[in-house]
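Commentary on secondary and tertiary structure
So you can see what is in the structure, the chains are spelled out below.
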Amino acid sequence: MSEIQITEISPYFSVISETMPNIKSAALGVFFQHGSRCESSSEQGITHLIEHLLFQKTKQKTAREIALFAESRGAVVDGFTTKELSGIYARFVNSNFYDIIDLISECICEVEFTEETLNKEQHLIIKEIENIEDNPEEYIFILFDKFLFADHPLSYPSVGIKETVSSLKLKQIVDYYYNKYLTSKVCISAAGQIEHNQLVDGAQKLIDLLKLNTKSQIFSKPITKIEAKRIIKRRSDLQQVYSLGGKFTFSYQSEERYGLILLNNIWGGMISSRFFNRLREKEALVYTVTTFLDLYSDIGIIGGFIVMDPTNLKRVYWVGQEELERLSSEGITEEELQRSINYTKSLLIVNNEDPMSRMIRNAKHKLLLNRVVTID
């Protein structure tokens with residue numbers, strides 16, 4: 001039986017632990033309510049760049065020494081950047097807890113930004129962006145966000161764009177880190193074989209640095225209406241058509257998201273779903289077909305993604321429109337609803353049986369919902 005405990009350091013800073021006594025590992029992360037949505041147009045990619053730089057040099061260690069320290073203690077340490085959240089985390093054996101939290105604290109509190117590390121990481125991130133642009137299954141989502149959100153910061157890819165990433169200067173990085181990134185709403189979250197008092201005690205260096213936060217991140221209001229259009233990008237090196245469509249829907253904070261999750265499964269999120277069954281199983285028009293939800297703190301997107309042969313394009317679109325109209329006019333059956341409920345409950349349990357998932361889930365809830373919703 002797991003136990004969740006929360007210590008509120010300030011209205012904008014919390015420490016959360018979920019003790020899972022039956023496992024011998026733990027996961028720990030420091031999460032900031034700060035992502036690419038918080039950037040200006042000339043800063044696109046700066047949060048992701050900072051994530052990279054946190055592992056490059058501290059007052060005591062080089063990038064290699066950071067990696068050696070973590071791996072010699074059996075830990076996997078990494079960072080992440082999304083549109084609304086960012087941070088660093090680790091998975092490790094619980095006996096090495098104090099070493100790992102000291103390392104994470106050092107990366108955040110004692111990071112050294114230098115011209116050398118900045119130039120290297122700018123080069124690597126540009127290569128990362130180019131890899132994404134070469135992959136149509138990833139790049140189409142970036143194009144979709146650019147179209148859907150126009151000039152709004154939610155249109156900015158979390159990885160950044162080449163033009164701004166390459167132009168960011170060292171002073172700009174330092175100012176942004178200390179005046180914007182570190183002053184965001186923050187949550188230290190851990191799960192696994194760990195005690196709450198141990199977490200609060202071990203995180204003292206982070207608490208001393210971050211407890212002065214005096215504000216929560218204020219996101220700019222998103223656009224909620226767009227004119228229906230199509231965007232077509234031609235590439236001679238591709239033999240398939242990659243198609244993505246969607247519309248605005250409920251936010252992550254809306255209680256109606258639960259019904260939306262169930263509906264998405266029935267529409268195209270399960271193998272037994274209507275889209276999958278009609279387009280792939282019955283008519284064999286496509287190999288890849290799925291629907292998706294992207295839910296942010298104040299707005300959401302529901303959409304569908306299909307990969308098809310160009311010769312099937314008109315038929316696929318016609319079938320897709322027909323299934324949407326049928327869903328709207330006829331609704332869903334009790335059998336579909338119960339199947340979706342059971343599927344969702346199973347995914348929720350299975351996906352949250354490891355401490356990493358629990359740690360991330362608790363932090364996301366605290367930062368975006370201001371409460372932790374238990375699995376039960």
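In this convention, every chain numbers its residues from 1, walking through the sequence in written order. At least 70 in pLDDT is required for a residue's local features to be given in this predicted model, at least 80 for side-chain atom pairs to be given and counted, and no such filter applies to totals for whole chains, interfaces and linings, which use all residues. Note that the side-chain values use all heavy atoms of the structure and ignore hydrogens as well as water.

Turning our attention to the pattern of salt bridges. Two side chains that carry opposite charge are able to pair once their charged atoms sit near each other. Whenever Lys or Arg places a side-chain nitrogen within 4 Å of a carboxyl oxygen from Asp or Glu, that contact is recorded as a salt bridge. For the coordinates displayed, the defined rule picks out 25 salt bridges. Note that Glu323 is salt-bridged to Arg326, the shortest N-O span being 2.9 Å. In this pair, Glu323 and Arg326 both sit in helix α12 (residues 313-330), three residues apart, roughly one turn of the helix. Here Glu323 falls in the buried class, since its relative accessible area comes to 5%. Residue classification places Arg326 among the partly exposed residues on the basis of a relative accessible area of 30%. Sharing partners across several salt bridges, the network here consists of Arg278, Glu283, Arg315, Glu322, Glu323, Arg326 and Glu330. Helix and strand assignments come from DSSP, with helices taken as H or I runs of at least 4 residues and strands as E runs of at least 2, each series counted from the N terminus. Only protein chains enter the accessibility calculation, which uses a 1.4 Å probe. A residue is then buried if its area is under 20% of the maximum for its type, exposed if over 50%, and partly exposed in between.

Glancing now at the packing of aromatic side chains. Think of it this way: a Phe, Tyr or Trp ring, Trp meaning its six-membered ring, pairs with another when their centres are within 6.5 Å, and the plane angle makes it stacked under 30 degrees, edge-to-face over 60, tilted otherwise. Following the criterion strictly, the structure yields 14 aromatic pairs and no others. Summarising the aromatic geometry, the rings of Phe113 and Tyr177 are spaced 5.2 Å apart at their centres and angled 75 degrees between planes, so their arrangement reads as edge-to-face. In this pair, Phe113 is assigned in the loop between α3 (97-109) and α4 (115-134) and Tyr177 in helix α7 (residues 170-181), connecting sequence segments 64 residues apart. Side by side, Phe113 and Tyr177 carry an identical accessibility label, which is buried. Joined through ring pairs, the aromatic side chains of Phe32, Phe113, Tyr177, Tyr178 and Tyr181 make up one cluster.

The strands that make up a sheet pair up through hydrogen bonds in the backbone, lying either parallel or antiparallel. Taken in spatial order, the six strands of this open sheet run β1-β2-β6-β3-β5-β4, and their pairing is mixed. Of all strands in the sheet, those bounded by a partner on one side alone are β1 (3-10) and β4 (76-81). Averaged over neighbouring strand pairs, the angle between their axes works out to 10 degrees when direction is ignored. We call two residues contacting when some pair of their heavy atoms lies within 4.5 Å. Throughout, an axis means a line fitted to C-alpha atoms (over the contacting stretch in the case of helices), and angles, computed between N-to-C directions, take values from 0 to 180 degrees. Each of β4 and β5 (86-93) touches helix α1 (residues 46-53); the most contacted strand, β4, lies at about 170 degrees to it. Across the sheet, α3 is in contact with β3 (25-32), β4 and β5; its angle to β5 comes to roughly 160 degrees. For two strands to pair, DSSP has to find at least two bridges joining them.

It is worth spelling out the packing of helix α10 (residues 257-269) against helix α13 (residues 334-351) at this point. Between α10 and α13, the least distance of the axes is 9 Å, while the angle of their chain directions is 105 degrees. With respect to α13, the element α10 is oriented roughly perpendicular. In this structure, α10 contributes Ile261, Leu262, Asn265, Ile266 and Gly269 to the contact, and α13 contributes Glu336, Leu337, Ser340, Ile341, Tyr343 and Thr344. In the scheme used here, Gly and all other residues not listed as nonpolar or charged are polar, with Ala, Val, Leu, Ile, Met, Phe, Trp, Tyr, Cys and Pro taken as nonpolar and Asp, Glu, Lys and Arg as charged. Classifying every residue of the contact of α10 with α13 by side-chain character gives six nonpolar, four polar and one charged. These descriptions rest on fixed angle ranges, namely under 35 degrees for roughly parallel, over 145 for roughly antiparallel, 65 to 115 for roughly perpendicular, and the rest for oblique.

All right, on to the sheet that holds strand β7 (residues 241-249) then. Across the sheet, three strands lie side by side as β7-β9-β8; this open sheet has antiparallel pairing. The strands lining the two open edges of the sheet, one partner per strand, are β7 and β8 (286-295). Between one strand axis and the next, the sheet turns by 15 degrees as a mean value, whatever way the strands run. In this structure, β7 lies alongside strand β9 (residues 300-308), joined through nine bridges in antiparallel fashion. Across the sheet, the residue bridging to Tyr242 is Val307, located in β9. The sheet contacts of α10 involve β7, β8 and β9, and relative to β8 the element is tilted by about 170 degrees.

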